[in-house]
Amino acid sequence: MTPGARLAASLDLLTAIAGDPRPADAVAQTFLRARRYIGAGDRRAVTERVYGLLRRHARLGWWTGHGTPRDRLIADLVLTDGLTVKAIKALFSGQGHEPEPLTGPERTLAERLQGQPLEPPEMPEADRLELPEWLLEPLSASLSATVGPDWRAALAALNGEAPLDLRVNTLKADREGARAALAEADITAVDGPLAPLALRVEGRVNLAATAPFRDGLVEVQDAGSQVAAALVGATPGMAVCDLCAGAGGKTLALAAAMAGKGRLLACDVSAPRLDRAKVRLRRAGVHNATLHVLDESGRKWLKRQAGAFDRVLVDAPCSGTGAWRRNPDARWRLDPEDLVNLAAEQDAILVRAARLVRPGGRLIYVTCSVLTAENEDRVAAFLTGPAGAGFAPVPVVEAWAEAGLPPDTCPAAGDALSLRLVPSVHATDGFFAAVLRRAEE
Ligand SMILES: C[S@@+](CC[C@H](N)C(=O)[O-])C[C@H]1O[C@@H](n2cnc3c(N)ncnc32)[C@H](O)[C@@H]1O
């Protein structure tokens, strides 16, 4: 592909994302699958450009008066790449697969932006931080609680690129064995942050095509997610319920922590997600997990499991603000009503989960959100409500040590009753975890 043809393909993909209610990565997958003739280098250039445009969405929108995808691309070429109008004209040649030549207003736009910075001082703060206006206050307040005055840096990091983290599956390998197997597949992996089984992959790789992945030695899981799963404190022989198991990311980690011994129940309202979990569990060599769809009869069945579990994990449906690095368009799909609805759902799930915990057992509440309204506020609402009677928070340092995580790496203060991870400080996705102990009867 010529550089101009890459821009034309980027424009097509950006336009497809703008007109599709699905998340950008799903649209990109469909788009690229329908264009298998695009080679690996061109794919990378196109997705890099498009994800860059998504990460600069508000700033480019400010400069272009919320212009068309073409306006945004032209603005990006000037403001990010520093191209002259002449250079842009050469790329927009209208020849072959290159974009149509610039119109008069597009040329005027490119001329007006020459020499301007992407973020001028007069740009509103919400635009500079790539946030919908209504989220600025709740997010800055929530992040300040963890990082103090550095909340802007924390927000900027949530708009950065995410690394590829793997969790070593101890049912099949140890960290050095997995690292060696990856090296044989030409993949270099360094130790990831905080989680003792995390490997961080260097560079871009096609992991799915490699033997260590196909053989189940490693699974894709952010190091923060690994920490959250570890804080469940699952050990061999326990009865553990993963109530919002989804495609099984944390179920897999729990199964490995249990060394395949004990009862592991993975539930979700979504049958397709549990189907994906099934494939992953098989690949990982997990034999002690059962999957249960929470349809009407599934819910009735689950009610009969009251008090049956040593550990119940609620990895709650949430806004996903902590995973924005991986979904840069998600911030524009969220509205205030979503947060209200999510909070109600989180409260209801916590109440249902509490019934499953045996006396002396634990309920672990996790989200990949950094918003207080989905985290500390939900735990407080639970603990002060009738279902929370008899539950008390376990200090993070205690849960950390019991989970076998290296004590010197615990990022929480000695008296902290919950853990919040943020990319700017912990180099993981944003995560929240609180461990609640049910009193013995
Ligand atoms: C954060 S995702 C789970 C991610 C998964 N635990 C992992 O580590 O890969 C939240 C999940 O909650 C599920 N969910 C939503 N409402 C639920 C409910 N009322 N009960 C159980 N699961 C629910 C969603 O289908 C979604 O898969």
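The name that an unreviewed UniProt entry assigns to the protein is RsmB/NOP family class I SAM-dependent RNA methyltransferase, with the source organism given as Roseospira marina. Per UniProt, the comment on the protein under Sequence similarities (unreviewed entry) is "Belongs to the class I-like SAM-binding methyltransferase superfamily. RsmB/NOP family."

### Points about the overall build of the protein
If you tally the helices and strands in the protein, you get 20 helices and 12 strands. Here the C-alpha radius of gyration of the protein, 24 Å, is about what a compact globule of 441 residues would show, namely 22 Å. Taken along its principal axes, the extent of the C-alpha atoms in the protein is 75 × 45 × 45 Å. Taken across its 441 residues, the protein has 43% of its residues classed as buried.

### Some words on helix 11 (residues 175-184)
If you check which residues of helix 11 are buried, you get Ala-178, Arg-179, Ala-181 and Leu-182. Buried residues of helix 11, seen end-on, are gathered within an arc of 160° and therefore sit on one face of the element. Residues of helix 11 that are exposed and point over 90 degrees away from its buried face: Glu-176, Ala-183 and Glu-184. Here the buried face of helix 11 lies against strand 1 (164-168), strand 2 (189-191), strand 3 (198-201), helix 12 (211-214) and strand 4 (218-220). Positive backbone phi, at 65°, marks Asp-186, one or two positions downstream of helix 11.

### Things to note about the UniProt feature "active site" (unreviewed entry) in the protein
Under the local residue numbering, the UniProt record ascribes the feature "active site" (unreviewed entry) to Cys-368. With respect to the helices and strands, the residue Cys-368 is situated in the loop between strand 9 (357-367) and helix 18 (376-384). Among the residues examined, Cys-368 registers 24 C-beta atoms within 10 Å and is labelled buried. Cys-368 has contacts with Cys-318, Gly-320, Gly-322, Ala-323, Asp-429, Gly-430 and Phe-431, leaving out every residue within four places of it along the chain.

### Re the sheet that holds strand 4
What the four strands build is an open sheet, ordered 2-3-1-4; its pairing is antiparallel. In this open sheet, the two edge strands, each paired with only one partner strand, are strand 2 and strand 4. On average, adjacent strands in this sheet sit at an angle of 40° to one another, irrespective of strand direction. Seen against the sheet, helix 11 touches strand 1, strand 2, strand 3 and strand 4 and runs at an angle of roughly 20° to strand 3.

### A word on the pairing of strand 6 (residues 263-268)
Burial analysis of strand 6 places five of its six residues in the buried class, the great majority of the element. The pairing of strand 5 (residues 239-242) with strand 6 spans four bridges and is parallel. Looking across to strand 6, one finds that Ala-239 is bridged to Arg-263. At this point the chain moves from strand 5, through helix 14 (residues 249-257), to the parallel strand 6, and the crossover so formed is right-handed. Strand direction decides the pairing type here: strand 6 and strand 7 (residues 289-293), joined by five bridges, are parallel. Bridge assignment links Ala-266 to a residue of strand 7, and that residue is Leu-291. Handedness of the crossover joining strand 6 and strand 7 through helix 15 (residues 271-284) is recorded here as right-handed.

Quick notes on the rules
Residues numbered from 1 in each chain as written. Predicted model: local features only at pLDDT ≥ 70, side-chain atom pairs only at ≥ 80, totals over all residues. UniProt positions renumbered as here; feature names shortened; annotations may be inferred. Helix = DSSP H or I, 4+ residues; strand = E, 2+ residues; numbered from the N terminus. Rg over C-alpha atoms; globule rule 2.2 N^0.38 Å. Buried ≥ 20, exposed ≤ 12 C-beta atoms within 10 Å, placed from the backbone. Arc of directions from axis to C-beta. Contact = placed C-beta atoms within 7 Å. Pairing = 2+ DSSP bridges. Axes fitted to C-alpha atoms, helices over the stretch in contact; angles between N-to-C directions. Right-handed = clockwise from strand over helix to strand, strands pointing away.

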